[in-house]
Amino acid sequence: MNRFTGKNVVVTGGTSGIGLAVAKAFIDEGATVLVTGRDPAGIERTAALLGDKAIVIRNDAGVLSDARALAAKVSELGLRLDAVFINAGVAKFAPLAQVDEALWDLSFDTNVKGAYFQLQALAPLLNKGASIVLNGSINAHIGMPGSSVYAATKAALISFARTLSAELIPQGARVNVVSPGPIETPLYGKLGMDEATLKETAAGILAQVPVGRFGRSEEVAAAVLHLASPESAFIVGTEIIIDGGMSQL
């Protein structure tokens, strides 16, 4: 399929995991994709992997000036955007008694403030019919211990999909959310756990997934591309949950 031939797309946090899978999927269907990341090595690796249909730049999702700089880069390149996937984020977990201000600020600055002001900066560059997809999480729906701050940031994104769709519909744009459950990504290696604890945690999560496996980044990417394409033009302000039934059954 070539649903995105001649289309321009931004994917934030696109140098690994779900973001990278989404960027690759857009390119495979003909899009030119501007990808952001924070790690210089990841940026270099991603640029080599994606080739000349990608523009890979350093950008910190939690910094307001970087949000504006990304929009300035899109404008400088003379691009108008047909799709945006807001994926950049952090996942920090701690029980209530151990949450400190630093964890709170990092989580909300990156996942909520960063997403909001990135969309604010990019909105004037959207083509009519453009689609914005936010990366949420089923943690916004389930009472997982230790996830209170992270879950709250993802609940905010679900709210944004509705309120910002209402605001952007007059200019012909819409906003939706994909909310993954447990997906095989490098994220699980960034939780600060030793290998034994990580394996135990993963086994406990897997036991809660009715289909009996973790999801794949490519499965999330397929849902993102559906929401970004004209075939989903009647889907507005809603959420697609991709969790193997974990939060549903």
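The rules behind the values
Residues numbered from 1 in each chain as written. Predicted model: local features only at pLDDT ≥ 70, side-chain atom pairs only at ≥ 80, totals over all residues. Heavy atoms only, no water. UniProt positions renumbered as here; feature names shortened; annotations may be inferred. Helix = DSSP H or I, 4+ residues; strand = E, 2+ residues; numbered from the N terminus. Rg over C-alpha atoms; globule rule 2.2 N^0.38 Å. Buried < 20%, exposed > 50% of the residue type's maximum accessible area, 1.4 Å probe, protein only. Contact = heavy atoms within 4.5 Å. Areas by Shrake-Rupley, 256 points an atom, 1.4 Å probe, with all protein chains shown as cover. Lys, Arg positive; Asp, Glu negative; His and termini not counted. Charge placed at Lys NZ, Arg CZ, Asp CG, Glu CD. Pairing = 2+ DSSP bridges. Axes fitted to C-alpha atoms, helices over the stretch in contact; angles between N-to-C directions.

The name an unreviewed UniProt entry assigns to the protein is Short-chain dehydrogenase, from the organism Luteibacter rhizovicinus DSM 16549. According to the UniProt record, the Sequence similarities (unreviewed entry) comment for the protein reads "Belongs to the short-chain dehydrogenases/reductases (SDR) family."

Undergrad: Even after reading the chapter, I still don't get the overall build of the protein, so can you show me in this structure?
TA: Helix and strand counts for the protein come out as seven helices and seven strands. In the protein, the succession of α and β elements from N to C terminus is β-α-β-α-β-α-β-α-β-α-β-α-α-β. Over its C-alpha trace the protein gives a radius of gyration of 17 Å, about what one expects of a compact globule, namely 18 Å for 249 residues. Taking the principal axes of its C-alpha atoms as reference, the protein extends roughly 50 × 35 × 35 Å. Of all 249 residues assigned to the protein, the portion counted as buried reaches 50%. Once local pairs closer than 6 in sequence are excluded, the contacts in the protein between residues at least 24 apart make up 72%. Counting only carbon and sulfur atoms, one obtains 56% of the accessible surface of the protein, whose full area is about 11,500 Å². Here the protein holds 20 positive side-chain charges and 23 negative ones, and the gap between their average locations is 6 Å.

Undergrad: For this particular structure, what's the right way to read the sheet that holds strand β7 (residues 239-242)?
TA: Strand pairing in a sheet relies on backbone hydrogen bonds. The paired strands run either parallel or antiparallel. If you trace the seven strands from one edge of the open sheet to the other, you get β3-β2-β1-β4-β5-β6-β7, paired in parallel fashion. Strands with a single pairing partner mark the edges of an open sheet, and in this sheet they are β3 (54-58) and β7. Shown here is a sheet whose adjacent strand axes are inclined to one another by a mean of 15°, direction ignored. Where strand β6 (residues 174-180) lies against β7, four bridges are found, and the strand directions are parallel. Counted as the bridge partner of P180 is I242 from β7. Strands in contact with helix α7 (residues 217-228) are β4 (81-86), β5 (126-135), β6 and β7; relative to β6, the strand with the most contacts, it is inclined by about 170°.

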